[in-house]
Amino acid sequence: MTAVAARRLDSVAAFVVVSAWLSTMAQASPFAPHPLPPAGSPTPFFEGWYTRVVDPTSDLSFAVIVGGYRPPAGTAFTQVWCCLLMDDGGEITTIQRFADPQTLSITVDGRPVTEKPKFGTPARFKWHTEEALNSTLVVDNGTSWLDFEFKKSRGAVIRVEATLEGRVPWDKAAPDTAGPEGWLSAAEGILPTHYYVQTLASAATYTLTTTNAEGVAAGDPVTGRGWAHQEANWGGTFPTAWAWAEGITTDGTRQIVLTSGAFVIAGVTTKQSIIAVRTPGTTLTFRNIDLDVIETDMLPCAATPTFSLTATLLNATRRVVIELSAARETFSVPLEAPTRGGFAGANGSVESFSAGARVSVLGRRSVIEPWDPIESFGIAQAALEFGGLDIKGCINGSHPQTSLIL
C-alpha cells in the first residue's frame, strides 16, 4: 500500500466514524462565544480569539490573542490569558499576561452567554475584563474593535487599538456558516477543538501608544493601516502537534491560511490538514477529510525553519504548492496553549510574523494531462507557527527580545 493510499484510508476512517454522529449534532454560528459545558462535565473547555494586523508600509505586524480556560467539572473560567505579539521591523516583542477571571465579562447583545449562537447568524459580542489594564474586544458582524493594554519593562504600558472593517469571509456565499472544518463543523463533542476563520483580509486601522510608569506618553502614538486576519478556537484541548500559517499580499487581494497537525477525531489520532487559497480568480480549499491528497514537510529545527506542502483536489484537476520559511530569530518565545490542566507554555507554540511564502496554483482538465501553471505569487510578513510536539525544543525563544509573562 502506498503512503498516499494509507492517508486516504485514514481520512475515510475518520469520515465514517464522524458521519455517523452528524445527524444528532447541532450546528452553531462559529465565531460568537459558546456557553460553558454543563457543571460537572469531565472535559476541560477553552475558548479564544486571535486578531492579527499587518502594515506592509511600515514593516509592522502585531497580534492580540485572548482565551479563557475552564477545568474539568468546573463551573467557570479559572484562567484568562491575554497576549501581544509584535514584529516592528525585526524588533520582536512577546508579552503574555493572566487576568483575574473574576473580572471577565463575555456578552452577546449585552446579555450573558447562555445558549449556542444561532446557526448562520452574524457574530455580535463583547469580551472584556474589568481591570486597570484595558482588555476589550467587540465584534459586530463585519466590524471589530480592539482596545488592549500590556505592561512592558520598567512599568511602561503599550496600548493597542485597532478597527477592522470590510470583512472577507471564508465563503462569501455562506459568510456566517462556512469555515475551515467543512462538514466536520457539525461534530460538536467529537473534535478536541474547533477552528473558525472570521475574516481573511479585513481593512484595518490601528494606534499604538506607549506610556512610562508615571503614565506620561513616551513619544508620539504610532498610527497606520493595513490588513487583518481574525479567527477563533474553542473546545477541550489543542492538538498534540501542529503547524499553522496565514498571509495576505500587500494589496490585500490574495490570502492563504493553512493548518496541519495531529488531531484526535473520535478517539483516533490522525494527521489532518486544511489549506485555503483565495485570489481574485481562485477559490480553493483542500482538506484530508474531503479525501484531498496533502503532502506536508515540517522542518522547525532547520537552520531556517520551514514548512512546505503540496495539495491536490480529489478530482486531481487543481493543485497548490506552498513554501514558507522564517529566520529563527524572528520567532516568539513559547506561547501559552490550552491543555487539559490549563494554559501552559511547555507544549505551546512559537510564531513568526516575518515568514516569506511562495504560492503556486496549478491546473489541468483531466488526470491524463500535465499540470499547467495558473498563477503564482509571494507573500511577505506571513505568519508561521509551530506548536506542541512540533517545537521539539529547537525554537525556544532564547534570542534577545522583549518577553514577559505577568
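In this text, all values refer to a predicted model and were calculated from it rather than measured experimentally.

1. Examining the overall build of the chain
Helix and strand counts for the chain stand at one helix and 23 strands. Counting across all 406 residues of the chain, residues that qualify as buried make up 53%. Taking as baseline every contact in the chain between residues at least 6 positions apart, the subset at least 24 positions apart corresponds to 61%. Entry remark: accessible area of the chain is about 16800 Å², with carbon and sulfur atoms responsible for 55%.

2. Considerations on the pairing of strand β21 (residues 342–363)
Of the strand pairs in this sheet, strand β19 (residues 318–325) and β21 are connected by eight bridges, and their pairing is antiparallel. What sits directly across from Glu 323, in β21, is Arg 358. As defined by bridge partners, strand β20 (residues 335–339) adjoins β21 across four bridges and the pair is classed as antiparallel. From the neighbouring strand, Thr 339 faces β21, where its bridge partner is Gly 342. Hairpin connection from β20 to β21: two residues lie between these consecutive antiparallel strands. By the bridge criterion, 12 bridges tie β21 to strand β22 (residues 372–388) in an arrangement that is antiparallel. Counterpart to Ala 355 in the pairing with β22 is Ala 382.

3. What about the pattern of salt bridges?
Considering all chains together, one arrives at nine salt bridges under this definition. Here Glu 246 ties to Arg 52 by a salt bridge, and the two come within 2.9 Å at their closest N and O atoms. Of the two residues, Glu 246 sits in strand β13 (residues 241–248) while Arg 52 sits in strand β1 (residues 45–55), which places them 194 residues apart along the sequence. In this structure, Arg 159 engages Glu 161 in a salt bridge whose closest nitrogen and oxygen atoms are separated by 3.6 Å. A single network of salt bridges, built from pairs that share partners, joins Asp 147, Arg 159 and Glu 161.

4. Thoughts on the nonpolar core
Counting 38 residues, the largest nonpolar core has Phe 62, Leu 84 and Trp 127 as the members making the most contacts within it. Grouped together as the second largest cluster of nonpolar side chains are 31 residues, Ile 322, Leu 324, Val 350 and Val 361 included.

5. As for the pairing of strand β18 (residues 306–312)
Looking along a regular strand, one sees side chains alternate from face to face of the sheet. Sheet analysis places strand β17 (residues 293–299) next to β18, joined by seven bridges and oriented antiparallel. Bridging from a neighbouring strand, Ile 294 pairs with Ala 311 of β18. Between β17 and β18, which pair antiparallel in sequence order, lie six residues. Both β18 and β19 contribute to a ladder of seven bridges, which runs antiparallel. Residue pairing in the sheet places Phe 307 in a bridge with Leu 324 of β19. Between β18 and β19, which pair antiparallel in sequence order, lie five residues; one of them, Ala 316, sits at a positive phi of approximately 60°.

6. Points about the environment of Arg 328
In this structure, Arg 328 sits in the loop between β19 and β20. Residue Arg 328 is classed as partly exposed on the basis of its relative accessible area of 25%. For the pair formed by Arg 328 and Ser 354, sequence separation is 26 residues and the distance between their alpha carbons is 10.0 Å. Among the polar contacts listed, one links the side chain of Arg 328 to the backbone oxygen of Ala 302, at a separation of 2.5 Å.

7. Describing the packing of aromatic side chains
Under the defined criterion, the tally for this structure stands at 13 aromatic pairs. On the numbers, 5.3 Å between centres and 70° between planes, the contact of Tyr 50 with Trp 244 is edge-to-face. One end of the pair, Tyr 50, is in strand β1; the other, Trp 244, is in strand β13, and 194 residues separate them in sequence. Residue Trp 244 is classed as buried on the basis of its relative accessible area, which comes to 5%. Sitting over the face of the ring of Phe 150, Arg 97 holds its NZ or CZ atom 5.1 Å from the ring centroid. Against the face of Phe 377 rests Arg 254, its NZ or CZ located 5.9 Å from the ring centre.

8. Notes on unusual backbone geometry
With a phi angle near 55°, Asp 59 is a residue other than glycine that sits in the positive phi range. Looking at the element boundaries, Asp 59 is found in the loop between β1 and β2 (60–70). Residue Asp 59 is classed as partly exposed on the basis of its relative accessible area, which comes to 41%. Positioned with a positive phi, Arg 154 is a non-glycine residue whose angle comes to about 60°.

9. Thoughts on the environment of Glu 246
With a relative accessible area of 1%, Glu 246 lands in the buried category. Along the primary structure Glu 246 and Ala 382 are separated by 136 residues, whereas in three dimensions their C-alpha atoms are 5.8 Å apart. Those residues in contact with Glu 246 that lie beyond four places of it in its chain are Arg 52, His 229, Ile 256, Val 257, Ala 382 and Ala 383. Separated by 2.9 Å, the side chains of Glu 246 and Arg 52 make a polar contact.

Calculation notes
Residues numbered from 1 in each chain as written. Predicted model: local features only at pLDDT ≥ 70, side-chain atom pairs only at ≥ 80, totals over all residues. Heavy atoms only, no water. Helix = DSSP H or I, 4+ residues; strand = E, 2+ residues; numbered from the N terminus. Buried < 20%, exposed > 50% of the residue type's maximum accessible area, 1.4 Å probe, protein only. Contact = heavy atoms within 4.5 Å. Areas by Shrake-Rupley, 256 points an atom, 1.4 Å probe, with all protein chains shown as cover. Pairing = 2+ DSSP bridges. Salt bridge = Lys/Arg side-chain N within 4 Å of Asp/Glu carboxyl O. Core = buried A, V, L, I, M, F, W, Y, C linked by side-chain atoms within 4.5 Å. Polar contact = N/O pair within 3.5 Å; in protein donor to acceptor, adjacent residues only side chain to side chain. Phe/Tyr/Trp six-rings, centres within 6.5 Å; stacked < 30°, edge-to-face > 60°. Lys NZ or Arg CZ within 6 Å of the ring centre and 35° of its normal.

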